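Spelled out, the chains give:
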There are 2 protein chains.
Amino acid sequence: MAAPTPLLKDELDIVIPTIRNLDFLEMWRPFFQPYHLIIVQDGDPSKTIKVPQGFDYELYNRNDINRILGPKANCISFKDSACRCFGYMVSKKKYIYTIDDDCFVATNPSGQQINALEQHIKNLLCPSTPFFFNTLYEPYREGADFVRGYPFSLREGVPTAVSHGLWLNIPDYDAPTQLVKPLERNTRYVDAIMTIPKGTLFPMCGMNLAFDRDLIGPAMYFGLMGDGQPIGRYDDMWAGWCCKVICDHLGLGIKTGLPYIYHSKASNPFVNLRKEYKGIFWQEDIIPFFQSIVLPKEATTVQKCYLVLAKQVKEKLSKIDPYFDKLADAMVTWIEAWDELNPAGASLANGKK
Amino acid sequence: MAAPTPLLKDELDIVIPTIRNLDFLEMWRPFFQPYHLIIVQDGDPSKTIKVPQGFDYELYNRNDINRILGPKANCISFKDSACRCFGYMVSKKKYIYTIDDDCFVATNPSGQQINALEQHIKNLLCPSTPFFFNTLYEPYREGADFVRGYPFSLREGVPTAVSHGLWLNIPDYDAPTQLVKPLERNTRYVDAIMTIPKGTLFPMCGMNLAFDRDLIGPAMYFGLMGDGQPIGRYDDMWAGWCCKVICDHLGLGIKTGLPYIYHSKASNPFVNLRKEYKGIFWQEDIIPFFQSIVLPKEATTVQKCYLVLAKQVKEKLSKIDPYFDKLADAMVTWIEAWDELNPAGASLANGKK
């Protein structure tokens, strides 16, 4: 059933926030070298990132971001890996894969190295099934199918916009869980891919994530984090909640499960707690907000959906904290900047049904 | 995190439709012998089922069902394994495990025999998390937890009403898929348990299924199948759709995934096609019907919810086929019979919030 995997060499960019770890690219060389890399440096622009020979890359630091976006650069986080979303915006490719520099190649239970990127591409090229749950998981995989009782009219599926990969070794826990379970490691390799059902939110992690820029790119905004902001570590979560409600509205799918990467290092739980603690309160209101969002019929493009979201964030979340007022403005700026850098996509997006 | 597994010896009945396979109980002896069995014979009452020595069991044939239920016996299917739901009704235990006689003990990837019943009990005793998706699957398992971004207010979970287990070897396919893929075998052991999100329907298979009678029993009606009915092989599906919308309404959870059993034999696809073909059409209307069901606030017990469902089936599905008119009546009869045989449960159910 599975088609032979195309490499999509000319259709995919790998976006990486600051690379602090010199082993990182060496370890991924066999898998990443055929692709173009976009590196977005989150901190001091005077520091130089040394990219090993043989990689085809472009690198943006804060000065570049300011130069390219001008006053609109204020929608891009500073001193936080959330700045990576600038890379999504300047890419000209259809697909993006983004990965953190503490994520290494994992091995499957047979001891083989996992080509995470290849699996993400397979996920993105294969339809999603958000309207009904298949108990044997991904129905399009070799050796699987739709089970008895699955409506035939839903078996064609819908286009997949996002592929969310998982992590062996260090799980993606919040600071309180890190503090309580410092020794916990994820050793369970779950051989599954599944579509997250329509109407269900999930915590999207940006560590090992691929998406279709044409389908969902303008919603993949990682918000305002880091320097000068009251919150961190909610960049990918925010993007995930926005993407999910927009995918649900537009009839697009989000997959989670395979591929795994090996997450090598837990970040400091004390530092994380400081970044997260407001988010831990706020998410109790943010989740019901996203759960109750209804996008209007007229919102037929990602951009239009996103601007409706921004408006609702301003109306309904600003009362939690003035931060959300600022975030709502930044969401609008992000879309303006996106459309400026992607004029074809903007007109396409505004023109297509 | 996982509690030591209680056997629940005096709180669980195993319900089995007609046992045609003499090896079946021998293979399960180490796991089933401590429990009480309820065998419900689906066909000719004059045929005797030989139960091997050492098992504690009661057996009901059609004459028994007619004697116990009187005119209400017409809600129990004849010559179809759907009759098993009579066993759910006569049980006096809190938990039920039901399994088909062509399901054997499976082995996990390490080659160990899987104690399916023990895993079902673990699933039922552990909360469910239907309101938000956890990307590392069951958060309560050893070595797992809720990931970053999972709201803390939802981490207590809700009671689990149903545990839906899976099948290695012969997958649970409909007749068309069986015909197209006669050689397909499920060899993928997915080491996961998950809660099916609120608002999402799934195809519930009765081959390897456990549930909490107190929480959901009256909704576990397997409908009218077999002799004299225009449809077969939708008994468990029907029960699954009804259970899911009621669990969603009452704030109960349904888990799927582990444990696996080994499904030894594919049923005849030609026979299956004859039983199924109307269902294949009808499910295209039934699924949207269940997806749009809204149960009223006053429906605070399973029985009340189920009677509302029966009414709506009559109103909205009878136009598809007169069969649904009959089915809606049988649903009401089923509840009457259930309450007659379970007077304590009936009053409890009507009294509790």
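These numbers were taken from a predicted model, which means no experiment stands behind them.

(A) Focus on the packing of helix α8 (residues 269-292) of chain A against helix α9 (residues 302-317) of chain A. Residue and element names in this part refer to chain A. Contact geometry of α8 with α9 gives a least axis separation of 12 Å together with a crossing angle of 135°. Of the possible angle classes, the one that applies to α8 and α9 is oblique. Between α8 and α9 lies a crossing of right-handed hand. Along the contact surface, α8 presents D285, I286, F289 and F290, while α9 presents L309, Q312, V313, K316 and L317. Broken down by class, the residue content of the contact of α8 with α9 amounts to six nonpolar, one polar and two charged.

(B) Inspection of the interface of chain B and chain A at higher detail. With 61 residues of chain B at the interface, the matching set in chain A holds 61 residues. Buried surface at the junction of chain B and chain A, summed over both partners, amounts to about 5,100 Å²; 57% is from carbon and sulfur atoms. By the criterion of area lost to chain A, the three top residues of chain B are F133(B), R148(B) and R188(B), representing 17% of everything that side buries. Summed over the shared surface of chain B and chain A, the number is 10 salt bridges. Across the pair K181(A) and D145(B) runs a salt bridge, and its minimum N-O distance is 2.7 Å. Elements with a contribution of two residues or more to the side of chain B that touches chain A: β6 (160-169), α5 (175-180), α7 (235-250), β9 (253-263) and α8 (269-292) of chain B. Residue contributions to the side of chain B that touches chain A peak at six residues, all from α8(B). The residue inventory of the side of chain B that touches chain A, partitioned by class, reads 32 nonpolar, 12 polar and 17 charged.

(C) The arrangement of the UniProt feature "glycosylation site" (unreviewed entry) in chain A in detail. Annotation from UniProt places "glycosylation site" (unreviewed entry) at R148(A). By the element assignment, R148(A) lies in the loop between α4 (116-125) and β6 (160-169). Those residues within four positions of R148(A) in sequence are excluded, and the remaining contacts are D172(B), Y173(B), D174(B), P203(B), C205(B), R233(B), D236(B), M237(B) and E276(B).

(D) Region of the structure containing the relation of the copies chain B and chain A. Note on the copies: chain B fits chain A at an RMSD of 0.0 Å, the axial shift is 0.0 Å, and the rotation between them is 180°. The superposition operator between the copies reduces to a two-fold rotation axis. Within chain B, V190(B) has its C-alpha nearest the rotation axis, a separation of 2.8 Å. By residue overlap, the copies meet face to face through one surface: 100% of the interface positions of chain B are interface positions in chain A.

Cut-offs applied
Starting afresh in each chain, residues are numbered from 1 along the sequence in its written order. Think of it this way: whatever chain is written first is A, whatever ligand is written first is 1, and the rest follow in order. It should be noted that, the model being predicted, local features are given only for residues of pLDDT at least 70 and side-chain atom pairs only at 80 or more, the latter also being counted only at that level, while totals for whole chains, interfaces and linings use all residues. The basis for the side-chain values is all heavy atoms of the structure; hydrogens and waters are excluded. In this analysis an axis means a line fitted to C-alpha atoms, helices contributing only their contacting stretch, and an angle means the value between N-to-C directions, from 0 to 180 degrees. Helix and strand definitions here come from DSSP, where helices need a minimum of 4 consecutive H or I residues and strands a minimum of 2 consecutive E residues; each element is numbered from the N-terminal end. The scheme is simple: roughly parallel for angles under 35 degrees, roughly antiparallel for over 145, roughly perpendicular for 65 to 115, oblique for anything else. In this scheme, a crossing is called left-handed if the near helix is turned counterclockwise away from the far one by less than a right angle; it is called right-handed if the turn is clockwise. Whether two residues touch is decided by their heavy atoms; if any such pair falls within 4.5 Å, the residues are in contact. Residues are grouped as follows: Ala, Val, Leu, Ile, Met, Phe, Trp, Tyr, Cys and Pro are nonpolar; Asp, Glu, Lys and Arg are charged; every other residue, Gly included, is polar. Reported buried area values correspond to the accessible surface (1.4 Å probe) lost by two parts on association, with both partners' losses combined. Salt bridges are defined by distance alone: a side-chain nitrogen of Lys or Arg within 4 Å of a carboxyl oxygen of Asp or Glu. UniProt positions are given in the numbering used here, feature names are shortened, and annotations may be inferred rather than shown by experiment. All copies are superposed by least squares; the fitting set is the C-alpha atoms of residues with a pLDDT of at least 70 in both.

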